[in-house]
Amino acid sequence: MLLIADSSSLIALSAADSLHLLDLLYGEVKVPFSVFSEVTTPGKPESVVLCKYLEDRIIKVSAEEIIISDYTLGQGEIEAMILYKRLKADLLLIDDKRARKIAGLNDIKTIGSLGVLLEAKEKKIIPELRPAILKIYNSDVYVSSELCNYILIKSGEPPLC
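Parameters and conventions
- Residues numbered from 1 in each chain as written.
- Predicted model: local features only at pLDDT ≥ 70, side-chain atom pairs only at ≥ 80, totals over all residues.
- Heavy atoms only, no water.
- Core = buried A, V, L, I, M, F, W, Y, C linked by side-chain atoms within 4.5 Å.
- Buried < 20%, exposed > 50% of the residue type's maximum accessible area, 1.4 Å probe, protein only.
- Helix = DSSP H or I, 4+ residues; strand = E, 2+ residues; numbered from the N terminus.
- Contact = heavy atoms within 4.5 Å.
- Pairing = 2+ DSSP bridges.

Enquirer: What's the story with the nonpolar core in this structure? I'm lost.
Expert: The nonpolar side chains of a soluble globular protein tend to be buried with one another. Core analysis: the biggest nonpolar cluster contains 39 residues, and Leu3, Leu10, Leu22, Leu93, Val116 and Leu117 have the highest contact counts within it. No other element matches the five residues that helix α7 (residues 113–122) contributes to this core. Those residues within four positions of Leu3 in sequence are excluded, and the remaining contacts are Leu22, Tyr26, Glu28, Val29, Lys30, Leu91, Leu93 and Ile111. Within the second largest apolar cluster, 16 residues are counted, among which are Val61, Leu73, Leu92 and Ile94.

What follows is the structure, encoded as structure tokens:
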């Protein structure tokens, strides 16, 4: 299974010490060069870990392929969608709600970082979500308490508060 990843989801999973779940669940992970550049900027949260994790997973993307978009998407989001289409990937790992909506308009199947954690628990790869979700929630990555609580409750665990 091939998964294309966007920046914020990678940072969230790295903050939760959960990047390894991508390999266990999906097998092959690729990112466009712009996503790699964004997450490995010196001083950016998780940049050192992500540089090592992504070093052999980078693909250069040109804007030859066209996707339905709007002016609000970042370069990494656009290139991730183009790469998904070009490689006929199975999933796009992306957290941004607006970008997920645009991905849907392009017939791109998405999953978010919390969805990865939930799938890992459902497949009994991890015993519980709470520790990983707390790491993300307490990191520099924005994730709403409502979404965290929804995922925790869905998995049978108590909400954050």
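Enquirer: What's the story with the pairing of strand β1 (residues 2–5) in this structure? I'm lost.
Expert: Across a regular strand the side chains alternate sides, sitting on one face of the sheet and then on the other. On β1, burial covers both faces: Leu2 and Ile4 on one face and Leu3 and Ala5 on the other are all buried. Here three bridges tie β1 to strand β2 (residues 28–32), and the two strands are oriented parallel to one another. Note that in β2 the partner of Leu2 across the bridge is Glu28.

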